[in-house]
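Below are the chains, spelled out letter by letter.
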Amino acid sequence: MEAYALTPAQRRTLAAICDTLLPQLSAEQEAEMLARRHDLDPEHVKVLCRSSASDLGVPESIEETLAAGHLPTDSRQELEMVLNAMSTRLGMLLLCGTDTAFASLPHADRERCLMSLRDSRFATKRKIFQTLKAMTSVNAFSRNTSRSNPHNKGADKNSLWSVLDFEGPPSAEEARAEADARGREEFVYAMLNDSIERDTTLTVDAVIVGSGCGGSVVAAELAAAGQRVLVLEKARYFKRSEITGGEGDAYDSLYERGCLVATEDSGIAVLAGSAFGGGTAVNWACCLRTPSYVKEEWAGEHGLKAFTDGTFDASLDAVCSRIGVTSEGVAHSKNNELLAQACEKLGYPCDVAPQNMADVGPLAPGAHFIGSGDRFGLKQSTPETFLKDAATAAVPAMFADRCYVERVLHKDGVAQGVRCRIVGADGTTEHTLIVNAPRVVVCCGSLHSPALLLRSGLANTNRQIGKNLRLHPVSGVVGIMPNDVAIWRGAPMTLVSDVVAKGPVGDNYGAKLECPLLLPGIASSVTPWKDGAAFKDRMLDYKRLFSMIVLTRDKGSGEVRIDKEGTPRLYYKVGEHDLKSLADGVEKALRLVEAAGAESILMAHELTPLPLPPQSDPKARAVELEKIIAQTRQLGFPLYKAPLFSAHQMGTCRMGSDPKTSVVKPTCESWECSGLYVIDASTFPTATGTNPMVTTLGIAHMVAQGLKKGTSSIPSKL
């Protein structure tokens, strides 16, 4: 297959766009920056001013992203069409109202063209700007460019990080020494791939598709019961030493589609793990149990009595014990401390979010990089717990990585196994792998589980596969504080406020306020771009940011469909109730930012920070805050202007007692195919409003007890 490459014209245009978004500043602009930021190291400030996107290798990184196949074919072609259009006079006339190719324009005119896209009344044009801006900024700030940037001061430190006071991930030697000192010995998994040299057929008792929350627990339980288990994972397995801890590297290798997944119709950025260990490999260690009102709703409205009769609670206790969940002695980062202080000042509730890290003390080494892979053995994720249990059982489970399951094999309503493409022993050649098994357990997550079922030719009589997608839509609020916060230091999400959890109508469909992990790449993607110089100036506030997210328990839902290549595509529009819930949460977050003492408020849809009067003038400060809240509510969340995010996906293979409205039974077995199970967050009947890891682990443990016995009292044919 011929290697992917942009055309020379596309490459030239891409470089010009990137260098307009992140330009080398003029000598005059540099002097102004040095004067304004006199408290910072001038040498590093100079590097920031003088470094263009091309100096940082950003255009090449974007092209590598396209070549890696992180974007579906049609999405990649759309980007190529934009580059083609901006390479021609006619295309520029249509897009930006000027009849000169973008790369041929003077810098000031190029900035005006990008501003016209940013501010366009047409959502499609705003999407073009937001896509290009995010790809440029994330590639610039998420990667260590110390050796590639010609302006960098020395090869040992990345000046673009140093000027932000961000030290970057510890070295591999430091990570290994810390793990060794704490006695966190690494368990190294053997992969079946090393024995695959040709098309192969295997037979096992149970084949499990996916190694995340659902698959890991089921594998551990079945292997302990003496069953022959094979776990298939589409992502690559990395040993600790193969993980860099770098933000950009993590996006490339540990996240779904290089962290470029978004809803097709509403532009919500969707972060989903794609790693050995699933989402547990990259989540933030926040372990909130399933709320009582959610369990009661699932039991009462969906016929799932196990959620209120003690069965599920017993499983929750078991899994929380295994991953070491604790709320005792949890230390808080400065960002979380500000949340606690502001909540106390305003009388808002604020509670410890239990953690599953082996060390919950102050600034635990590796805690602030847990979203980039765990090199310290710190987070008790599934590779450190349930997958290890499966691999060391009396009948050890087998594992394969880089194994993409194309379809479930079934006949006359009975599961027979799976057909896969697997990378073989040479590390590059793909072979066909057929796994025969009387039990097929699909644990691919809420994006890929419905996609696999849809590819497998199930009748889908009730048209429920892929429906009921819940995303916990997230909006952010950021305050610029008078003093350093260093949001990246310490565990990210150790406190939670339920001040708006009841929701607009008191039905528990509200929102939680939490503190996020905000490394430089993601921070740059949500930093407003007024122009290139202003953007660089705004990034220098990074170390003073106090950041919160508003995480909504969505009442509305969307859908996962598959395209002609069988790839899952997401469709989701935030409903009116959930928009109101988001707005209520944002209001409370704004009040908290002010109460914490912020000098100004940074909103993604505002090009410049919104200043607050000094704390010595509380009346003026209160008036300005109310004005900001009113403006924010009036604006709402316009498409491709006020960004929304999702790190939780649920519900696309809903569990229930009614075959007309659900995909799987209370046992998680398919209504349409005996022996086919779905066990992951896709089975949630509704959104939980909490981080879904613990709930998923609990469901998997509960259902696995019946799987071990091999019993099913409900026929599977509709």
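Each remark here, short or long, concerns the structure printed above.
Let me sum up the structure you'll find in this document. On a predicted model such as this, the values are computed, not experimentally measured, just so you know.

## Things to note about the pattern of salt bridges
Now for step 1: Summed over the entire model, instances satisfying the criterion amount to 48 salt bridges.
Now for step 2: With its nearest N and O atoms 3.6 Å apart, the salt bridge here joins D99 to R89. One end of the pair, D99, is in the loop between helix 6 (89-96) and helix 7 (107-118); the other, R89, is in helix 6, and 10 residues separate them in sequence.
Now for step 3: Classification of R89 as exposed rests on a relative accessible area of 57%.
Now for step 4: Residue K234 is joined to E256 by a salt bridge in which the shortest nitrogen-to-oxygen separation is 2.8 Å. Pair noted here: K234 is in the loop between strand 3 (229-232) and helix 12 (247-254) and E256 is in the loop between helix 12 and strand 4 (261-262), with a separation of 22 residues, a long-range link.
Now for step 5: Residues joined in a network through salt bridges with shared partners are R36, R37, D537, R538, D541, R544 and E599.

## What about the sheet that holds strand 10 (residues 430-436)?
Now for step 1: Spatial ordering of the open sheet is given by 1-10-9-8, a layout of four strands whose pairing is mixed. Both edges of this open sheet fall to strand 1 (200-203) and strand 8 (403-411), since each of them pairs with a single strand only. Put simply, the sheet's adjacent strands are angled 20 degrees from each other on average, direction ignored.
Now for step 2: In the sheet, strand 8 pairs with strand 9 (residues 414-423) via eight bridges, with the strands oriented antiparallel. Looking across to strand 9, one finds that L409 is bridged to G417.

## Let's talk about the environment of N149
Now for step 1: Tracing the backbone through its elements, the reader meets N149 in the loop between helix 8 (123-141) and helix 9 (159-162).
Now for step 2: Sequence separation between N149 and T632 is 483 residues; the distance between their C-alpha atoms is 39 Å.
Now for step 3: Once you skip the residues sitting within four places of it in the chain, N149 turns out to touch V47, S51, D55, L56 and L160.

## Considering the environment of A687
Now for step 1: For A687, the position within the fold is in the loop between strand 22 (676-678) and helix 22 (693-709).
Now for step 2: Sequence separation between A687 and C286 is 401 residues, and the spatial gap between their C-alpha atoms is 17 Å.
Now for step 3: The contacts of A687, once residues within four sequence positions are left out, are R470, H472, R553, D554 and M650.

Rules and cut-offs
Residues numbered from 1 in each chain as written. Predicted model: local features only at pLDDT ≥ 70, side-chain atom pairs only at ≥ 80, totals over all residues. Heavy atoms only, no water. Salt bridge = Lys/Arg side-chain N within 4 Å of Asp/Glu carboxyl O. Helix = DSSP H or I, 4+ residues; strand = E, 2+ residues; numbered from the N terminus. Buried < 20%, exposed > 50% of the residue type's maximum accessible area, 1.4 Å probe, protein only. Pairing = 2+ DSSP bridges. Axes fitted to C-alpha atoms, helices over the stretch in contact; angles between N-to-C directions. Contact = heavy atoms within 4.5 Å.

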